[in-house]
Amino acid sequence: MSLKKAPSVRIAPSILSSDFARLAEEVRTVERGGADWLHVDVMDGHFVPNLTIGPIVVEALRRVTRLPLDCHLMVKRPEDWIPAFAEAGADIITIHAEASAHLHRQLAWIRKLGKKAGVSINPSTPLTVIEEVLDDVDLVLIMSVNPGFGGQSFIESTLDKIRRLAEVRGDRAFLIEVDGGVGPQNAAAIRAAGADILVAGSAVFGQKNRKKAIEDLRRAAEPKTKARSARKRRS
């Protein structure tokens, strides 16, 4: 799986906001609707105050979708979970800088297992915490809410953090992903700040028409691109 920068934004619906009683069907609706990735929030009830899913669900998802599975491990001791999620079929495994005393080692392990390695930081964590591993990651996930629950409001100061990370990135190839409170109302600002991937929960799964929700989010994130495309079609 390649994580090369794309000319357009990637949309990654988060299954945390889906109906778990119909999970396979929910996933198919966003896949047919044009989602680029599927975001899987893994919470252990310790690192964050919530408990969600484990490798067995990722294994089940792998059987029903071709979308890249973007697994975000919000867990203590991620080293206890990395092998299981890799074996279950995760394509990207992202761990929190705050959760590991040996961050470089864990990121190298993810890559050794043949997966793309991501690092995430909470809203109150400064970018300096991950400066020394930016050459060793495929993705940086910026949390724009305090992790643990869906449906929270976007923290506006995150935009400055995204801008600074985009500047620090320079010629590095890692992608910038943003998760928390993302929707059509702020997608343009997040994209303009430098984000490559937008994780959206209720903005997609909270809508009846998933295809329209994904299109609306993509259009909101890149209004100028869409306007140019429309002019080209008319000419």
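In this text, all values refer to a predicted model and were calculated from it rather than measured experimentally.

A few words now on the pairing of strand β3 (residues 69–74). Two faces, one strand: in a regular strand the side chains alternate between the faces of the sheet. For β3, a buried count of six out of six residues is recorded, marking the element as mostly surrounded by other parts of the structure. Alternating residues of β3 divide into Leu69, Cys71 and Leu73 and Asp70, His72 and Met74, and every residue in both groups is buried. A crossover links strand β2 (residues 38–43) with its parallel partner β3, the connecting element being helix α2 (residues 55–64), and its sense is right-handed.

We now examine the confidence of the model for the protein. For the protein, per-residue confidence averages 92 on the pLDDT scale, and residues scoring 70 or more make up 92% of the total. Taken together, the stretch residues 227–235 has pLDDT below 50 and engages in zero contacts with residues farther than four places along the chain or on a different chain.

With that settled, consider unusual backbone geometry. The phi dihedral of arginine 77 falls on the positive side, at around 50°, and the residue is not glycine. Secondary-structure assignment places arginine 77 in the loop between β3 and α3 (82–88). Accessibility expressed as a relative area gives 47% for arginine 77, which makes it partly exposed.

The subject of this paragraph is the environment of glycine 206. Along the chain, glycine 206 falls in the loop between α7 (202–205) and α8 (210–221). It is 9.6 Å that separates the C-alpha atoms of glycine 206 and aspartate 19, two residues lying 187 residues apart in sequence.

In any sheet, the strands associate via hydrogen bonds between backbone groups, in a parallel or an antiparallel arrangement. Here we have eight strands laid out as an open sheet, ordered β1-β8-β7-β6-β5-β4-β3-β2, and parallel in their pairing. The open sheet is flanked by β1 (10–13) and β2, the only strands paired with a single partner. In this sheet, neighbouring strand axes are inclined to one another by 25° on average, regardless of whether the strands run parallel or antiparallel. Summarising the sheet, strand β5 (residues 116–121) and strand β6 (residues 139–143) pair through four bridges and their orientation is parallel. The partner of isoleucine 121 across the bridge, within β6, is isoleucine 142.

Counting 60 residues, the largest nonpolar core has Ile15, Ile130, Val140, Ile190 and Leu198 as its most contacted members. When neighbours within four sequence positions are excluded, isoleucine 130 is seen to be in contact with Ala97, Val119, Ile121 and Val140. With eleven residues, the next largest nonpolar core counts Ala12, Leu141, Val145 and Leu175 among its residues.

This structure, assessed with the given rule, holds one aromatic pair. Taking 6.4 Å as the distance between ring centres and 55° as the angle between the ring planes, the aromatic pair formed by tryptophan 81 and phenylalanine 85 counts as tilted. Assessed through its relative accessible area of 1%, phenylalanine 85 is described here as buried.

Another point: the environment of asparagine 50. Take asparagine 50: it is sitting in the loop between β2 and α2. Taking the C-alpha atoms as reference points, asparagine 50 and methionine 74, 24 residues apart in sequence, are found 9.6 Å from one another.

By secondary structure assignment, the location of lysine 115 is in the loop between α4 (103–112) and β5. Buried and unpaired, lysine 115 has aspartate 91 as its nearest opposite-charge partner, separated by 5.4 Å. In contact with lysine 115, other than residues within four places in its own chain, are Ala86, Ala90, Asp91, Ile93 and Ile110.

Conventions we followed
Residues numbered from 1 in each chain as written. Predicted model: local features only at pLDDT ≥ 70, side-chain atom pairs only at ≥ 80, totals over all residues. Heavy atoms only, no water. Buried < 20%, exposed > 50% of the residue type's maximum accessible area, 1.4 Å probe, protein only. Helix = DSSP H or I, 4+ residues; strand = E, 2+ residues; numbered from the N terminus. Right-handed = clockwise from strand over helix to strand, strands pointing away. pLDDT = per-residue confidence, 0-100. Contact = heavy atoms within 4.5 Å. Pairing = 2+ DSSP bridges. Axes fitted to C-alpha atoms, helices over the stretch in contact; angles between N-to-C directions. Core = buried A, V, L, I, M, F, W, Y, C linked by side-chain atoms within 4.5 Å. Phe/Tyr/Trp six-rings, centres within 6.5 Å; stacked < 30°, edge-to-face > 60°. Lys, Arg positive; Asp, Glu negative; His and termini not counted. Salt bridge = Lys/Arg side-chain N within 4 Å of Asp/Glu carboxyl O.

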